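# Results of the structural survey
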Amino acid sequence: QRCAQTGLSFPKLREVANRDELLDPDLRAKCRQIWGLPIVDAYSAEEVGMIAFQCPEHPHYHVQAESILVEIVDDQGRPCRAGESGRVVVTDLHNFATPLIRYDINDYAVVGGLCPCGRGLPVIKTVLGRVRNLLTLPSGEKLWPSYHFVFDDALGKFLPSLREAQLVQRALDEIEVRVVATRPVTAKEEARACKALGEALSDAFAFRFVYVDELPRPRSGKFQAILSELSD
């Protein structure tokens, strides 16, 4: 964003890599638009290391099947088919100290089909995120909101003083919207942002705005923009 605002460029920049956090599709598009480079992404977990790397020719991911067995299963433990989403279960094939067999890493992902690049490795189409980042509607339906859709289109558009925000689901029908702003938010701005959130997520939620000076990070340092307390 800073480069887009100031015209600053990095002519020697050759690659941008994303690690450890979920890559938002809008960030991928902005990187290509502003810097003229794609983001090279990888999917990993602390317990097993690298799980999959993004295909050099496509946005989906190739599982590193030589070192890890990855299963994506539904709530009954049945294998998901291409296009279906489920829990990620891993078996580390080269951990001789603490073997992990069918270990549920609390992630959800979408199974991909055969890749036209010809590599032949299993494909993960999309990594959806952790269980703790999953919102649950009062109907029981699950959803992973798009960061761009919620924070840029909904909150960012109607809260001009927004510096940072976090959505926390406290109950099936209630989401707490924690906001860090550079100036006090007016009642009119909050009402518009609340309406936009309902359109972006669901009108079944009641949105309660809470204004704070900062949003603390967990020990890992990873910022969790969307957090569900229902998964605890």
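Up top you'll find the structure we're talking about.
Residues numbered from 1 in each chain as written. Predicted model: local features only at pLDDT ≥ 70, side-chain atom pairs only at ≥ 80, totals over all residues. Heavy atoms only, no water.

Counting secondary structure elements, the protein contains four helices and 14 strands. The C-alpha atoms of the protein give 20 Å as radius of gyration, which agrees with the globular expectation for 232 residues (17 Å, within 12%). Summarising its shape, the C-alpha atoms of the protein cover approximately 55 × 50 × 35 Å along the three principal directions. The burial tally for the protein puts 39% of its 232 residues in the buried class. When contacts within the protein are restricted to residue pairs at least 6 apart in sequence, those whose partners lie at least 24 apart make up 52%. Approximately 13,800 Å² of the protein is accessible, and the part contributed by carbon and sulfur atoms is 51%. Between the centroid of the 28 positive side chains of the protein and the centroid of its 32 negative side chains there is a distance of 5 Å. (Helix = DSSP H or I, 4+ residues; strand = E, 2+ residues; numbered from the N terminus. Rg over C-alpha atoms; globule rule 2.2 N^0.38 Å. Buried < 20%, exposed > 50% of the residue type's maximum accessible area, 1.4 Å probe, protein only. Contact = heavy atoms within 4.5 Å. Areas by Shrake-Rupley, 256 points an atom, 1.4 Å probe, with all protein chains shown as cover. Lys, Arg positive; Asp, Glu negative; His and termini not counted. Charge placed at Lys NZ, Arg CZ, Asp CG, Glu CD.)

Turning next to a nonpolar patch on the surface. There is a patch of nonpolar side chains on the surface, built from Leu8, Phe10, Ile34 and Trp35 and spanning about 360 Å² of accessible area. Of note, Trp35 is situated in helix H2 (residues 25-35). (Patch = residues over 30% accessible without salt bridge, like charges linked within 9 Å, V, L, I, M, F, W, Y side chains within 5 Å. Salt bridge = Lys/Arg side-chain N within 4 Å of Asp/Glu carboxyl O.)

Next up on the list: the pattern of salt bridges. As enumerated under the stated definition, the model contains 13 salt bridges in all. When the shortest N-O distance is used, the salt bridge between Arg130 and Asp107 registers 3.0 Å. Here Arg130, found in strand S8 (residues 123-130), pairs with Asp107, found in strand S7 (residues 103-111); they are 23 residues apart in sequence, far enough to count as distant. Since its relative accessible area comes to 22%, Arg130 is described here as partly exposed. A salt bridge links Arg183 to Glu189; its shortest N-O distance comes to 2.7 Å. With a relative accessible area of 35%, Arg183 lands in the partly exposed category.

Before going further, it helps to spend a moment on helix H4 (residues 187-200). In a regular helix each residue adds 1.5 Å, so 14 residues correspond to 20 Å; H4 covers 20 Å between its end C-alpha atoms and thus fits that length. Among the residues of H4, Glu189, Ala193, Ala196, Leu197, Gly198 and Ala200 are the ones counted as buried. (Expected span 1.5 Å × (residues − 1).)

Along the chain, Glu15 turns up in the loop between helix H1 (2-6) and strand S1 (16-18). You can call Glu15 exposed: its relative accessible area is 52%. Residues Glu15 and Ile39, 24 residues apart in the sequence, show an inter-C-alpha distance of 7.1 Å. Setting aside anything within four residues of it in sequence, one finds Glu15 in contact with Leu37 and Val40.

Counting 27 residues, the largest nonpolar core has Leu155, Leu167, Leu197, Leu201 and Phe209 as the members making the most contacts within it. If you list the elements that add at least two residues to this core, you get helix H3 (147-158), strand S11 (162-171), strand S12 (174-181), H4 and strand S13 (206-211). Residues contacting Leu201, with those up to four places away along its chain left out, are Leu135, Leu143, Pro145, Val150, Leu167, Ile175 and Phe207. Core analysis: the next-biggest nonpolar cluster, separate from the first, contains 19 residues, Val70, Cys80, Val90 and Ile124 among them. (Core = buried A, V, L, I, M, F, W, Y, C linked by side-chain atoms within 4.5 Å.)

Our next topic: the state of the cysteines. Tallied over the entire structure, the rule returns zero disulfides. Cysteine Cys80 is unpaired, with the sulfur of Cys115 as its nearest cysteine sulfur at 20 Å. (Disulfide = S-S within 2.5 Å.)

Moving on to the environment of Gly49. Relative to the assigned elements, Gly49 resides in strand S3 (residues 49-54). Each C-alpha atom, one on Gly49 and one on Ile68, is 9.4 Å from the other, the two residues being 19 residues apart in sequence.

Attention now moves to unusual backbone geometry. In this structure, Arg102 is a non-glycine residue whose phi angle is positive, near 50°. On the secondary structure map, Arg102 appears in the loop between strand S6 (85-92) and S7. For Arg102, a relative accessible area of 45% puts it in the partly exposed group.

A word on the packing of aromatic side chains. How two aromatic rings sit relative to each other is set out by the distance from centre to centre and by the angle between their planes. Under the defined criterion, the tally for this structure stands at three aromatic pairs. Consider the rings of Phe10 and Trp35, whose centres lie 5.9 Å apart with planes at 85°: the pair is edge-to-face. Here Phe10, found in the loop between H1 and S1, pairs with Trp35, found in helix H2; they are 25 residues apart in sequence, far enough to count as distant. Centre to centre, the rings of Phe205 and Phe207 are 6.2 Å apart; their planes meet at 65°, and the pair counts as edge-to-face. Like Phe205, the residue Phe207 is buried in the burial classification. (Phe/Tyr/Trp six-rings, centres within 6.5 Å; stacked < 30°, edge-to-face > 60°.)

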